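The residues making up each chain are set out below.
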Amino acid sequence: MRDAAPKTVYLSDYKPFPWDVETVDLRFTLDPHATRVRSTIRFVPNPHHVQDPDTPSAAMFLHGENLKLIWAKVEGIPVDPNVTEEGLVVGVPPGAFTWEAVVEIDPANNTALEGLYMSNGMYCTQCEAEGFRKITYYPDRPDVMATFDVTIEGPHPVLLSNGNPVSTSEHHAKWHDPWPKPAYLFALVAGDLVAHSDSFVTMSGRHVDLNLYVRPGDEGKCAFGMEALKKSMKWDEEVYGREYDLDIFNIVAVDDFNMGAMENKGLNIFNSSAVLASPETSTDMNFERIEAIIAHEYFHNWTGNRITCRDWFQLCLKEGLTVYRDSQFTADMRSAPVKRISDVIDLRARQFPEDQGPLAHPVRPESFQEINNFYTATVYEKGAEVIGMLKRLVGDEAYAKALDLYFERHDGDAATIEDWLKVFEDTTGRDLSQFKRWYGQAGTPRLSVEETWVEGTLTLTFTQDTPPSAATPDPQPQVIPIAVGLIGHNGDEVAETRILEMTEKSQSFTFEGLGQRPVASILRDFSAPVVLNHALSDADRAHLLAHDTDPFNRWEAGRTLARQSLMAMIRKGADPDPAFLNGIHAVVTDEGLDPATRALMLGLPSQSDLARALHEESHTPDPAAIYAASETMREALADRFAREAPQLYAACQVTEPYAPNAEQSGKRSLGNAMLSLITRRDGGARAEAQYEAADNMTQQLAALANFIRAEKGDEKLSAFEAQWRDDRLVMDKWFGLQVIEAKPEKVAETVERLTSHPDFNWKNPNRFRAVMGSLAMHHAGFHHESGAAYQLLADWLIKLDPLNPQTTARMCSAFQTWKRYDGRRQERIALQLDRILAQPDLSRDTTEMLTRIRGT
């Protein structure tokens, strides 16, 4: 039978825990099926707690799930708590007291990968958000912070936990973490591992030992991750003044992991795909992603660990700020314009649909049933955009002062959004009550602009409108920083970037003393996460594409021209717009631009983005027509670059030894963009030469993708599999590439074939996502008129849910835009949603997601 109706948790119901925890002592005796955990916890009354009149003063509730209680004591006296599926209630004395308990758990059968579980013989943990309650009984909430002592006993050469090592011997290790932390930051790893070691000297001269632990055989994939860690530590000192605070920093690579990585204090646990890299097995994009994730998790040491969140509604406080910091880091390490454009592409692909559909929620939600379902693009990416807007509004100097005050005032605290905004108000004297709406309102604001030109004065009148939603039925005007510059008809910038602060529903701004009417470059650097409606002529957009001094808006002009041309092709059967083709040709062949930017300029709007645009214009999107128009446009680009593509390809070949730096990566990106155009004309001859000569995965995988697109990939796919079948991360690429590059009518068939492959381990999140995630991303294939992909994904979600609810629930978002499409497709999707919801033992995670998507 399915559990009772899930309980909804509300932000407004927050109450402090009645007790503070002074110290935690944990002792683990490891066994695959019968691990014993002994806990000794010192509780003292919380002076900030207001007693609930409905709760007896002598009763304490501790979270606990899937635990076998062996015995429990309070102040050394055996007790018999009232144990339920969610935890236990026990009578306690007034004042301070010590709780002791021994529980038994089964890590080997913990397929949900939350709490303590096993991955290929290794013990590891994942406690965020509520996994610690599957390890022992405890107040598993982020506002309960304590120092931890951990003793581990087990037949393993490596036994790790948080903090600094106290003692180690054969089959025994003791760790002490001097910094108070919530239980979600607890970590334990035990296994047969090898360390790639290094060290770092902090800005105060303190020596820190660094270790990256991996399975035997992966030692050759550690060097880049270690260098990324040291760069992150140095950058955080130089830019934010944050110094590392323990004697040791450990990272462990784990194959079975639901997320990318986890910032546990002093012991970061990483999905193998997010830390292991070598030129032969990893692409340039893999290297950049690894660098960013390592930075993100390290930056959490201060924005997440030293200062954590009071409750899970404040998740955006640690995640939005840390995403913003890791974006700054990547921009500094690589190309700031390329990073900004890439971030916006990702935001529009992942967060905008979320904000505009049934899964919409504010950056800080007001309620939830399953917190795992709110690790979303809204909390992370939109949360980071909110930080960026705040920095634009107050300026760099005030931002730095506010952050210094934040670290000083709240070090060791479990903080809130109100605490965060208060440091900016105290630093700048600004009232941020209206800005706070960015945290409390769901939806993407629509920003419209009208221009008026009168005798040397340009007036821009903006109107903002946020569509109402179930999460925010009556949205109010928000503070929107609008970055504007003006480009003259000779291509010069006649007005540098100016930040216009919009606070009303409709508001006008003027630019005076202008000789001729300029072209307005609006929302530079994507200064706010809004949808801009700016009715420019194609000629004016082409002018911005050619001359705008803001890299983002130059890219945006080209992207808008491409979208308009594609929309006309889809709706009216028009030919590709020559103005767009010529404009892109001029930009891509401009050697004054770096190759990475030119490669981005060449990209087309995603098919999902085109479907969204059609839907917003009250047209029912036809996935097959969208796919056909996109292919026609790529053919037109291949024709337009027929002469230059081979020349650009040759100019982008790197002769130096492989390095995953910005310069080489940019050349390979542009070169492979040219290769895709060349393949449309030579049938794969150039790709054949690149595949055979490739000494790195970027070049080999790009060539393989072109073979698949040309429908000549069978032989190369077999050869690739034979070469890499023993490398699990490369094989994830092999699985995913075949789905994402398949013709729409063959996508479901391809997935059926791959899921029958002996190496398709569907219980491994990386392998499952490689196939099913690629299926969901293939717009025309997933929405093929047969409906086969809908049923296929539903079948696998039903199969996975009993074992791994978290991964299942997140994959359900593939259906979130289902009401965009025609009635027949809606019927087929609704059938599958109802079939999944009808499962008798469906998890709380998946039930909540699908109920919101279905609208029932």
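Presented here is a report on the structure given in the accompanying data block. Please read these numbers as outputs of a predicted model, since none were measured by experiment.

**Details of the sheet that holds strand β27 (residues 480-487)**
Here is step 1 of the chain: Strand order in the open sheet formed by 3 strands is β28-β27-β30, with antiparallel pairing between adjacent strands. Each edge of the sheet is formed by a strand with only one pairing partner; in this case those strands are β28 (493-502) and β30 (519-522). Taken over all neighbouring pairs, the strand axes of this sheet differ in orientation by 25° on average, direction set aside.
Here is step 2 of the chain: Of the strand pairs in this sheet, β27 and β30 are connected by 4 bridges, and their pairing is antiparallel. Residue Leu 486 lies in a different strand from β30, and its bridge partner there is Ala 520.
Here is step 3 of the chain: Here helix α9 (residues 538-547) sits on the sheet and contacts β27 and β30; the angle it forms with β30, its principal contact strand, is near 65°.

**Observations regarding the packing of aromatic side chains**
Here is step 1 of the chain: Under the counting rule described, the total for this entry stands at 40 aromatic pairs.
Here is step 2 of the chain: Taking the centre distance of 6.3 Å and the plane angle of 55° together, the rings of Tyr 138 and Phe 148 count as tilted. Linking Tyr 138 in the loop between β11 (122-126) and β12 (146-153) with Phe 148 in strand β12, this pair joins segments that are 10 residues apart in sequence.
Here is step 3 of the chain: By relative accessible area, Tyr 138 is classed as buried at 1%.
Here is step 4 of the chain: Measuring from centroid to centroid gives 6.3 Å for Tyr 375 and Tyr 380, while their planes differ by 50°, and the two rings are tilted.
Here is step 5 of the chain: For Tyr 375, a relative accessible area of 12% puts it in the buried group.
Here is step 6 of the chain: Looking at Tyr 380, the relative accessible area reads 17%, which means it is buried.
Here is step 7 of the chain: Here the basic side chain of Arg 325 rests over the ring of Tyr 240, its NZ or CZ set 4.6 Å away from the ring centre.

**So, the sheet that holds strand β7 (residues 82-83)**
Here is step 1 of the chain: A sheet is described by the order of its strands in space; here 3 strands give the open sequence β4-β8-β7, paired in antiparallel fashion. Both outer strands of the open sheet, β4 (59-63) and β7, are each paired with one neighbouring strand and no more.

**Observations regarding the side chain of His 543**
Here is step 1 of the chain: Here His 543 shows up in helix α9.
Here is step 2 of the chain: Separated by 2.8 Å, the side chain of His 543 and the backbone oxygen of Gly 488 make a polar contact.
Here is step 3 of the chain: Leave out the neighbours within four places in its chain, and His 543 touches Ile 487, Gly 488, His 489, Gly 491, Val 519 and Asp 548.

**Overview of the environment of Leu 30**
Here is step 1 of the chain: By secondary structure assignment, the location of Leu 30 is in the loop between β2 (19-29) and β3 (35-45).
Here is step 2 of the chain: Under the relative-accessibility criterion, Leu 30 is labelled buried at 9%.
Here is step 3 of the chain: When the C-alpha atoms of Leu 30 and His 784 are compared, they prove to be 49 Å apart, with 754 residues separating the residues in sequence.
Here is step 4 of the chain: Here Leu 30 is in contact with Thr 35, Leu 116, Tyr 123, Ile 152, Glu 153, Gly 154, His 156, Leu 159 and Ala 190, once residues within four sequence places are set aside.

**A look at the pairing of strand β15 (residues 172-181)**
One face of the sheet, then the other: side chains in a regular strand alternate in exactly this way.
Here is step 1 of the chain: With 7 bridges connecting them, β12 and β15 associate as antiparallel partners. For Asp 149, the partnering residue across the bridge sits in β15 and is His 176.
Here is step 2 of the chain: The sheet contact formed by strand β14 (residues 164-169) and β15 spans 5 bridges and is antiparallel. Paired with Ser 167 across the two strands is Lys 174, which belongs to β15.

**Focus: the pattern of salt bridges**
Here is step 1 of the chain: Evaluation of the coordinates by the stated rule reveals 68 salt bridges.
Here is step 2 of the chain: We note a salt bridge from Glu 128 to Lys 318, for which the minimum N-O separation is 2.9 Å. Placement of the pair is Glu 128 in the loop between β11 and β12 and Lys 318 in helix α3 (residues 315-333), with a sequence separation of 190 residues. Exposure class is identical for Glu 128 and Lys 318. Each is buried.
Here is step 3 of the chain: A salt bridge links Asp 343 to Lys 339; its shortest N-O distance comes to 2.9 Å.

**Brief notes about helix α5 (residues 377-394)**
Here is step 1 of the chain: End to end, α5 covers 25 Å across 18 residues, agreeing with the expected 26 Å (1.5 Å per residue, within 8%).
Here is step 2 of the chain: Along its length, α5 shows its largest kink, about 25°, at Gly 383.
Here is step 3 of the chain: Of all 18 residues making up α5, 17 are buried, and the element is well covered by its neighbours.
Here is step 4 of the chain: After α5 finishes, the residue Gly 395 shows a positive phi value of roughly 95°.

Parameters and conventions
Residues numbered from 1 in each chain as written. Predicted model: local features only at pLDDT ≥ 70, side-chain atom pairs only at ≥ 80, totals over all residues. Heavy atoms only, no water. Pairing = 2+ DSSP bridges. Helix = DSSP H or I, 4+ residues; strand = E, 2+ residues; numbered from the N terminus. Axes fitted to C-alpha atoms, helices over the stretch in contact; angles between N-to-C directions. Contact = heavy atoms within 4.5 Å. Phe/Tyr/Trp six-rings, centres within 6.5 Å; stacked < 30°, edge-to-face > 60°. Buried < 20%, exposed > 50% of the residue type's maximum accessible area, 1.4 Å probe, protein only. Lys NZ or Arg CZ within 6 Å of the ring centre and 35° of its normal. Polar contact = N/O pair within 3.5 Å; in protein donor to acceptor, adjacent residues only side chain to side chain. Salt bridge = Lys/Arg side-chain N within 4 Å of Asp/Glu carboxyl O. Expected span 1.5 Å × (residues − 1). Bend = angle between axes of the 7 residues up to and from the residue.

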